Amino acid sequence: MWFMNCLIAFASIIQLCLIVLASAAGLYYLADIVEEHTVASGKLIKTLIFVSSMILIGFAIFEDLPTILIGACLLTNMMYVVVMGTFPLIELSSPKFLLSLGLLIVDHYLAFSFFLTTQHSFSEVLAFFTVCLWLVPIALFVSLSAGDYVLPTCLPRSDLDSDVVTNYFQHKDRRFKLLSFLKSVEEAILPRRTKKGF
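Residues numbered from 1 in each chain as written. Predicted model: local features only at pLDDT ≥ 70, side-chain atom pairs only at ≥ 80, totals over all residues. Heavy atoms only, no water.

Student: How do you make sense of the side chain of T38 when you look at a structure like this?
Tutor: Tracing the chain through its elements places T38 in helix 2 (residues 38-62). Taking relative accessible area as the criterion, T38 reaches 16% and is therefore assigned buried. Among all residues touching T38, those that are not within four sequence positions of it are F87, P88 and A146. (Helix = DSSP H or I, 4+ residues; strand = E, 2+ residues; numbered from the N terminus. Buried < 20%, exposed > 50% of the residue type's maximum accessible area, 1.4 Å probe, protein only. Contact = heavy atoms within 4.5 Å.)

Here you go:
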């Protein structure tokens with residue numbers, strides 16, 4: 001019996017590694033698509049925010065979810081709309097982005113509190129979390145690299161004393177770049193072969 005337990009542990013580790021690898025490959029592919037189709041990605045994320053808000057309103061009308069949970073989720077969706085105002089350039093240190101992250105944590109706390117005190121099936125809880133809490137933040141996370149190759153067109157109000165190009169290159173390195181990060185991980189794990197010229 002101990003041999004089977006060792007095999008189960010080994011197989012679980014392999015399965016976990018494959019899940020992580022598949023998720024990373026999927027994120028890499030999605031980040032590449034978002035970079036190529038920035039305008040369509042922005043419209044898709046705004047549509048996801050609208051659909052999520054309509055589903056939350058449906059929960060408020062047809063289900064017995066707490067009003068504070070629905071209100072907090074709707075407020076978070078409004079903050080996502082504000083964050084999308086500067087899409088594809090999303091500043092991770094901006095107060096609106098940090099407030100949306102804080103509201104996301106509050107949403108999770110309220111949802112966990114509600115679903116722990118009431119009887120719901122796992123599929124109902126997973127459906128609520130997936131559609132109402134996780135879908136838009138994951139889309140925003142994947143789209144963080146969309147502004148990497150956007151040319152500077154205007155200055156933020158705080159930097160009116162410098163020119164556009166100088167401002168762009170000063171703030172470019174401060175942003176988190178998902179696709180650049182995944183490419184560096186790919187280079188570290190799978191180094192490219194160099195052809196020798198004889």
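Student: What am I meant to see in the packing of helix 2 against helix 3 (residues 67-83) here?
Tutor: Look at helix 2 against helix 3: their axes get within 10 Å of each other, and the N-to-C directions meet at 165°. Considering the angle they form, helix 2 stands roughly antiparallel to helix 3. Helix-helix and strand crossings are classified by hand; for helix 2 and helix 3 the assignment is left-handed. In this structure, helix 2 uses I49, S52, S53, L56, I57, F59 and A60 to contact helix 3, whose residues at the interface are I70, C73, L74, N77, Y80 and V81. (Axes fitted to C-alpha atoms, helices over the stretch in contact; angles between N-to-C directions. Parallel < 35°, antiparallel > 145°, perpendicular 65-115°, else oblique. Left-handed = near helix turned anticlockwise from the far one by under 90°.)

Student: Honestly, helix 3 in this entry has me stumped. Any pointers?
Tutor: Counted at 1.5 Å a residue, the expected span for helix 3 with its 17 residues is 24 Å, and the 24 Å between its end C-alpha atoms agrees. Those residues of helix 3 that sit buried are L69, I70, A72, C73, T76, N77, M79, Y80 and V83. Along its buried surface, helix 3 packs onto helix 2, helix 4 (95-117) and helix 5 (122-142). (Expected span 1.5 Å × (residues − 1).)

Student: Sorry if this is basic, but what is going on with helix 1 (residues 2-36) here?
Tutor: Along an α-helix, residues three or four positions apart point the same way, because every turn accommodates 3.6 residues. Between its terminal C-alpha atoms helix 1 stretches 52 Å, which fits the 51 Å expected from 35 residues at 1.5 Å a residue. What helix 1 keeps buried is the set A31, V34 and E35.

Student: What is the right way to look at a nonpolar patch on the surface in this model?
Tutor: Where nonpolar side chains cluster on the molecular surface, the patch consists of M1, M4, L7, I8, F10, I14, L18 and L21 and spans about 870 Å² of accessible area. Secondary-structure assignment places F10 in helix 1. Assessed through its relative accessible area of 51%, F10 is described here as exposed. (Patch = residues over 30% accessible without salt bridge, like charges linked within 9 Å, V, L, I, M, F, W, Y side chains within 5 Å. Areas by Shrake-Rupley, 256 points an atom, 1.4 Å probe, with all protein chains shown as cover. Salt bridge = Lys/Arg side-chain N within 4 Å of Asp/Glu carboxyl O.)

Student: How do you make sense of the state of the cysteines when you look at a structure like this?
Tutor: What makes a disulfide is a covalent bond joining the sulfur atoms belonging to two cysteines. In this structure the tally under the stated criterion is zero disulfides. C73 takes part in no disulfide bond, and the closest cysteine sulfur, belonging to C132, lies 6.5 Å away. (Disulfide = S-S within 2.5 Å.)

Student: Explain the packing of aromatic side chains here, please?
Tutor: For any pair of aromatic rings, the description rests on two quantities: the centre-to-centre distance and the angle between the ring planes. For the coordinates displayed, the defined rule picks out eight aromatic pairs. Measuring from centroid to centroid gives 6.2 Å for F128 and F129, while their planes differ by 85°, and the two rings are edge-to-face. Site record: aromatic cluster; members linked through ring pairs are F59, F112, F114, F115, F128, F129 and W134. (Phe/Tyr/Trp six-rings, centres within 6.5 Å; stacked < 30°, edge-to-face > 60°.)

Student: Got a minute to help me understand the nonpolar core in this structure?
Tutor: Side chains of nonpolar character tend, in soluble globular proteins, to be buried together. Residues I45, I49, Y80, M84, F87, I90 and L140 are the most contacted members of the largest nonpolar core, which totals 16 residues. When residues of this core are assigned to their parent elements, the largest contribution, four residues, is made by helix 5. Once residues within four sequence positions are removed from consideration, I45 is found in contact with M84, F87, A139, L140 and S143. In terms of nonpolar packing, the next biggest core, distinct from the first, is built from 15 residues, L65, L69, L110 and F115 among them. (Core = buried A, V, L, I, M, F, W, Y, C linked by side-chain atoms within 4.5 Å.)

Student: Would you mind showing me how to read the environment of L140 here?
Tutor: Looking at where L140 falls in the secondary structure, it is placed in helix 5. Separated by 98 residues in the primary sequence, L140 and G42 have C-alpha atoms spaced 9.3 Å apart. In this structure L140 touches I45, Y80, M84 and I90, once residues within four positions along its chain are discounted.

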